[in-house]
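# Structural overview
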Amino acid sequence: MAGLCGTSILAVAIWLRVGKDGREILSPGDATINPYIAVNILIAVGAIIMILGFLGCFGAMKENQFMLVLFFVGLILILLLQVVAGILGATNKSKTERALNETLQTNVHLLSATNENGKLFQKAFSEIQEELKCCGLINGASDWGNNFQYYYKSCECPSASDSSCTKYDGKTIYKQSCFSLLRGLFSRHLSIVIGLAFGLAAVEVLGLIFSIVLYCQIRKK
């Protein structure tokens, strides 16, 4: 059970950490707030729980009291770390979202920039546009300025008759800007971190109870 929890935590945390949503777009500019702190903690927690899972299984099979005690103590420590990750995600949520809003509004000029930083931002943002089916950051396609001619394909709408589409510079593109969609995406990621940390903690408590019961039964033999 612990091994399954560890695998689940590790898989979801890594997906959130390296997902294609792009740190260039979603990372807030406020250096004092790192939205990936809780995710990094969960990656460490997931890896350690997987190891503890093997330790607990081996201790149960061999009826080894020392291994079961190690499993119990290790799982308690990990459970505390996991709760810390959930609390960090919950307490920093509003601050992180506020910093994200400010960063997106500040970085809108990068879409029309021609320097190297602008090009990196544009490449990452064009992938986000294509995935979220939106165009531009704040004001729509006009945010791209003269660069629209290079990135319009990521804004293109499949059908001109679709109500979510509009015409711009002779191209049929998505009407909605990406600002609100990015905010929603980031908020969902934070909610996943919080839910994962607290949700699987309940399952791990069952693992603690199971290890105590098994330890007591072995001692009685």
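Residues numbered from 1 in each chain as written. Predicted model: local features only at pLDDT ≥ 70, side-chain atom pairs only at ≥ 80, totals over all residues. Heavy atoms only, no water.

## What about the pattern of salt bridges?
Pairing between side chains of opposite charge can happen when the charged atoms of each approach one another. As enumerated under the stated definition, the model contains 1 salt bridge in all. A salt bridge links Lys-123 to Glu-127, with the shortest nitrogen-to-oxygen separation between them at 3.5 Å. In this pair, Lys-123 and Glu-127 are both assigned in helix α6 (residues 116-132), 4 residues apart and thus about one turn of the helix distant. (Salt bridge = Lys/Arg side-chain N within 4 Å of Asp/Glu carboxyl O. Helix = DSSP H or I, 4+ residues; strand = E, 2+ residues; numbered from the N terminus.)

## Here's the deal with the packing of aromatic side chains
Tallied over the full model, the rule gives 5 aromatic pairs. Plain terms: the ring middles of Phe-121 and Phe-125 are 6.0 Å apart, the flat faces sit at 5 degrees to each other, and that makes the pair stacked. You can see Phe-121 and its partner Phe-125 sitting in helix α6, 4 residues apart, about one turn around the helix. Summarising the burial analysis for this pair, Phe-121 and Phe-125 share the class buried. A centroid spacing of 6.0 Å and a plane angle of 55 degrees characterise the contact between Phe-125 and Trp-144, whose relative ring orientation is tilted. Within this pair, whereas Phe-125 is found in helix α6, its partner Trp-144 is found in the loop between α6 and α7 (148-151), the two being separated by 19 residues in sequence. Comparing Phe-125 with Trp-144, the two get one shared label, buried. A network of ring pairs unites the aromatic residues Phe-121, Phe-125, Trp-144 and Tyr-151 as a single cluster. If you follow Lys-171 out to its NZ or CZ, it ends over the ring of Tyr-152, 4.3 Å from the centre. (Phe/Tyr/Trp six-rings, centres within 6.5 Å; stacked < 30°, edge-to-face > 60°. Buried < 20%, exposed > 50% of the residue type's maximum accessible area, 1.4 Å probe, protein only. Lys NZ or Arg CZ within 6 Å of the ring centre and 35° of its normal.)

## Some remarks on the confidence of the model for the protein chain
Should pLDDT be low for a region, the predicted coordinates there are not to be read in detail. Residue-level pLDDT values for the protein chain average 77, and 80% of them are 70 or greater. Across the protein chain, the secondary-structure element scoring lowest on mean pLDDT is helix α2 (residues 23-26), at 53, and the one scoring highest is strand β2 (residues 171-174), at 92. Contacts from residues 27-33, a stretch scored under 50 in pLDDT, to residues over four places away or in other chains number 12 contacts. (pLDDT = per-residue confidence, 0-100. Contact = heavy atoms within 4.5 Å.)

## Points about the nonpolar core
Phe-125, Cys-135, Leu-137, Trp-144, Phe-148 and Leu-182 are the most contacted members of the largest nonpolar core, which totals 23 residues. Of all elements in the fold, only α5 (93-107), α6, α7 and α8 (179-220) reach the threshold of two or more residues within this core. Take this core: its biggest share by element is 4 residues, from α8. Beyond its immediate sequence surroundings of up to four residues, Trp-144 is in contact with Leu-111, Ser-112, Gln-122, Phe-125, Gln-129, Cys-135, Gly-136, Tyr-151 and Cys-155. Of all hydrophobic cores here, the second largest spans 9 residues; its members include Ile-49, Ile-78, Leu-79 and Ala-201. (Core = buried A, V, L, I, M, F, W, Y, C linked by side-chain atoms within 4.5 Å.)

## Regarding the state of the cysteines
With the rule as written, the count across this model stands at 3 disulfides. The side chain of Cys-134 participates in a disulfide bridge whose partner is Cys-178; the two sulfur atoms lie 1.9 Å from each other. Where Cys-134 bonds to Cys-178 through sulfur, the torsion about that S-S bond is close to 100 degrees, and the disulfide is right-handed. A residue pair is termed long-range when its members are at least 10 positions apart, and Cys-134 in the loop between α6 and α7 and Cys-178 in the loop between β2 and α8 qualify at 44 residues. Taken in N- to C-terminal order, the disulfide-linked cysteines of the protein chain are connected 1-6, 2-3, 4-5. (Disulfide = S-S within 2.5 Å.)

## Looking at the pairing of β2
As paired strands, strand β1 (residues 165-168) and β2 are joined by 4 bridges and run antiparallel to one another. Across the sheet, residue Cys-165 finds its bridge partner in β2, namely Tyr-174. Hairpin connection between β1 and β2: a loop of 2 residues separates the two successive antiparallel strands, and Asp-169 in this loop has a positive phi of roughly 55 degrees. (Pairing = 2+ DSSP bridges.)

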